[in-house]
Amino acid sequence: MAGGNERSMRALKEVWKRPENSLCADCGKPDPDWASSTLGVFICLSCSGIHRNIPSISKVKSLKMDHWDDAQVQFLAKNGNAVTKATYEAHIPIYYYQPTYNDCQVLREQWIRAKYERKEFTELGKHLLYSDGVKEGILWKRGRDNGQFLPRKFLLSEREGCLKYFTKQDAKEPKINVKIDVINATFQPGKTGNPNGLQITYLKDNKTRNIFVYHESGKEVVDWFNAIRSVQFHYLKVAFPIASDNEIKNRLTRNFLKEGYMEKTGPKQREAFKKRWFTLDHRRLMYFKDPLDAFAKGEVFVGSRENGYSVQKGLPSGTQGNFSWHYGITIVTPDREYLFTCETETDQLEWIKAFTSVINQAMTPQEYAIEAYFKFKS
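Calculation notes
- Note that residues are indexed from 1 along each chain, following the sequence as it is written.
- Owing to the predicted nature of the model, reporting of local features is limited to residues with pLDDT of at least 70; listing and counting of side-chain atom pairs is limited to 80 or more, with chain, interface and lining totals taken over all residues.
- With hydrogens and water set aside, each side-chain value is computed from the structure's full complement of heavy atoms.
- UniProt positions are given in the numbering used here, feature names are shortened, and annotations may be inferred rather than shown by experiment.
- In this text, helices come from DSSP runs of H or I with a minimum length of four residues, and strands from runs of E with a minimum of two, each type numbered from the N-terminal end.
- Here the limits of each domain have been adopted from an automatic or database domain assignment.
- By definition, residues are in contact when any of their heavy atoms lie within 4.5 Å.
- What gets called buried area is simply the loss in accessible area from a 1.4 Å probe that two parts show on being joined, summed for both.
- The rule for a salt bridge is simple: a side-chain nitrogen of Lys or Arg has to be within 4 Å of a carboxyl oxygen of Asp or Glu.
- Two cysteine sulfurs form what is called a disulfide whenever their separation falls within 2.5 Å.
- Categorising residues by exposure relies on relative accessible area from a 1.4 Å probe, with only protein chains included: less than 20% of the type maximum marks a residue as buried, more than 50% marks it as exposed, and the intermediate range marks it as partly exposed.
- Here is the rule: rings of Phe, Tyr and Trp (six-membered ring for Trp) pair when centre to centre is within 6.5 Å. Planes less than 30 degrees apart are stacked, more than 60 are edge-to-face, and the remainder are tilted.
- Any Lys NZ or Arg CZ found within 6 Å of a ring centre and within 35 degrees of that ring's normal is scored as a charge over the ring.
- Two strands qualify as a pair provided DSSP detects at least 2 bridges between them.
- Each axis is a line fitted through C-alpha atoms, taken for helices only over the stretch in contact, and angles between the N-to-C directions span 0 to 180 degrees.

For the protein, an unreviewed UniProt entry supplies the name ADAP1 protein and the organism Grallaria varia.

Encoded structure:
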């Protein structure tokens, strides 16, 4: 019996070592140490918890702590991540957001359920609700001034190329009507205090406007998210007919590069530093008094190194403004320097890394136009 166990463990380790099984089948996290004995995939601890919530589909076991019999090991050997993905991920729409281990719980859970429970990607041409080009329904929206979440009717239309919301269900005129190509959407469970919280941003008069919404159903809010991406994709395919699908995919919704609190001083660099919430959305560094503010108090354009932008650790010698945090950052632009302080050295290094990643990228023609607007505004 002991010999049988040893033989099974050796066989299990051989399958586990295969290159295609070195990343979690669902979120891509390295070195997964759990597996589904019914699906034949190797997964990480976090994704195994989601699998455990759909026991009719997936039975999970630890590769290190649980016993695997010969039949189960043979099943893993026959399947594994590559074979199983070929079945359950055979026909994923290019616009569909495939989450990673850095993404929130609702995105990862609905991705796993879409694959294995609903089998949304196993058949070519299968009807998907978020691919219809139109979506209408109720989302709970946070009030701009009072902070209360109230039900609002939203309408997304590919034909009209826009997203609308109405303050009353029977209202004929929308409160907003936003072109789909200026919209971004990103999940914000921590910021909104709701596991299904979604932040929708759009440009209005070249300023960023934030709307915070949620839905009680994780599936419904993720369907809204992917419906926005679907409409954006098809809109941009028409607007940029020679662009490749992957080029267009890269222009769909995006996660913010970095968010968090820093202190900032004014242009004279003698004012007291004030604590603000900062969001780095590619080249737009926005700051807010409160993370849930509808509009930023100000924005800073972060250009490229070849155009005279740089980031430096620390503050210029002789900085006069009073500050309570001591890990400084200086953003150098062609026109002025922006001074910030962070609470910890870790925060400082993370912000510098994020700024550096932007500054090292060449600017697009559209970004030159945005830079010109910022200079004109200032």
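Below, the discussion takes up the UniProt feature "domain: PH" (unreviewed entry) in the protein. The sites that carry the UniProt feature "domain: PH" (unreviewed entry) are, in the present numbering, residues 132-233 and 255-360. For residues 255-360, the end-to-end C-alpha separation is 19 Å, with 14% helix and 38% strand making up the annotated structure.

Moving on, we get to the domain arrangement of the protein. When its domains are assigned, the protein resolves into domain 1 (1-117), domain 2 (134-250) and domain 3 (258-376). Each of domain 2 and domain 3 was reduced to a C-alpha centroid, and the two centroids are 27 Å apart. Each side of the interface is counted separately: domain 2 has 14 residues, and domain 3 has 15 residues. Overall, the association of domain 2 and domain 3 removes approximately 1300 Å² of surface from exposure, summing both partners, and the carbon and sulfur fraction of that is 48%. Together, Lys191, Asn206 and Thr208 form the three largest contributors to the area buried by domain 2 at its contact with domain 3, with a combined 44%. Taken together, the connections running from domain 2 to domain 3 amount to one salt bridge.

With the rule as written, the count across this model stands at zero disulfides. Cysteine 104 takes part in no disulfide bond, and the closest cysteine sulfur to it belongs to cysteine 47, at a distance of 12 Å. The buried category is assigned to cysteine 104, whose relative accessible area is 16%.

This part is about the UniProt feature "domain: Arf-GAP" (unreviewed entry) in the protein. As annotated by UniProt and renumbered to match this structure, "domain: Arf-GAP" (unreviewed entry) occupies residues 6-123. End C-alpha to end C-alpha, residues 6-123 measures 40 Å, and it is 42% helix and 7% strand.

Applying the stated criterion to the full structure yields 19 aromatic pairs. With 5.0 Å between their ring centres and 85° between their planes, tyrosine 261 and tryptophan 277 make a pair best called edge-to-face. Here tyrosine 261, found in strand 11 (residues 258-264), pairs with tryptophan 277, found in strand 12 (residues 274-281); they are 16 residues apart in sequence, far enough to count as distant. Given the relative accessible area of 34%, tyrosine 261 is considered partly exposed. Among the aromatic residues, those joined into a ring-pair cluster are Tyr95, Tyr96, Trp111, Phe121 and Tyr130. Taking the ring centre of phenylalanine 240 as reference, the NZ or CZ of arginine 251 above it sits at 4.4 Å.

With antiparallel pairing, three strands are arranged side by side in an open sheet as 2-1-3. Two strands lie at the open edges of the sheet, namely strand 2 (42-43) and strand 3 (60-62), each paired on one side alone. With two bridges joining them, strand 1 (residues 34-36) and strand 2 adopt antiparallel strand pairing. Bridge pairing links tryptophan 34 to isoleucine 43 in strand 2.

Sheet architecture is open: seven strands sit in the order 14-13-12-11-17-16-15, paired in antiparallel fashion. The sheet terminates laterally at strand 14 (298-301) and strand 15 (310-313), the two strands that pair on one side only. Within this sheet the neighbouring strands show an average axis-to-axis angle of 35°, counted without direction. In this sheet, strand 16 (residues 327-332) lies alongside strand 15 in antiparallel orientation, the contact comprising four bridges.

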